[in-house]
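What follows is each chain in one-letter form.
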Amino acid sequence: MHKTSARAAPAGDPLLDFEDADLMPVERFVTFKVNQLSTAFERQWTRIMREKAGVSLSQWRVLVMLQAGPATFSRLVEATGMNKALMSRSISELEAKRMLTVSATPDDARSITLTLAAKGRKLLQEVQPLALARQRHLLSALSASERRTFYAALDKLARAAAECEGWR
């Protein structure tokens, strides 16, 4: 049950829904909704990558990040948000498949640098049309104005999440 409020909240404003709530239904949490969407996207793309490319989702992300050029292990962890153990496994598997190369980072004995190999580049070129078609399909569900608003909102939520980082 929700407490009634003297002030009328605009219909559908989740923030105002929470102001006077005795109970916050999990399906109204922004984190829950984003996670549901992310899970649906990831489940689908994981299946596609396994079937079409023979790589996992985390391996796909590593390869895509390396398209821009060589990167250190720590840079990839930071950019993808993957935990270090998953990143390490993904890199080892990609190296075994000869899709990337691993080398020592100059001037940093504790770091490794990863570089996209020809086989990894070829895989990306083969799968890129499908990845782009999928993005076009997903984004076409929104109008141009909604797409701009959605991306701006995602950026704002990312900044807000970063501000919550130290909360206990």
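Caption draft 1: Looking closely at the pairing of strand E2 (residues 100–105). One ladder, built from 6 bridges, connects E2 with strand E3 (residues 108–116); its direction is antiparallel. The partner of Ala104 across the bridge, within E3, is Ile112. Where E2 folds back on E3, the antiparallel hairpin that results is connected by 2 residues, among which Asp107 adopts a positive phi of roughly 70 degrees.

Caption draft 2: Quick peek at the layout of surface pockets. In this structure, the largest pocket occupies an estimated 1,600 Å³ of space. Looking at the largest pocket, it is lined by 38 residues, and the ones nearest its centre are Val34, Leu37, Ser38, Phe150 and Leu154. Counting residues per element, the ones that place at least two in the lining of the largest pocket are helix H1 (14–19), helix H2 (30–53), helix H3 (57–66), helix H6 (118–139) and helix H7 (144–163). Residue contributions to the lining of the largest pocket peak at 10 residues, all from H2. A per-class count over the lining of the largest pocket returns 26 nonpolar, 5 polar and 7 charged.

Definitions and cut-offs
- Residues numbered from 1 in each chain as written.
- Predicted model: local features only at pLDDT ≥ 70, side-chain atom pairs only at ≥ 80, totals over all residues.
- Heavy atoms only, no water.
- Pairing = 2+ DSSP bridges.
- Helix = DSSP H or I, 4+ residues; strand = E, 2+ residues; numbered from the N terminus.
- 1 Å grid on protein atoms, 1.4 Å probe; cavity = no way out; pocket = protein on both sides within 12 Å on 5 of 7 lines; lining within 4 Å.
- Points joined across faces, edges and corners; volume = space filled by probe spheres on them.
- Nonpolar A, V, L, I, M, F, W, Y, C, P; charged D, E, K, R; others polar.

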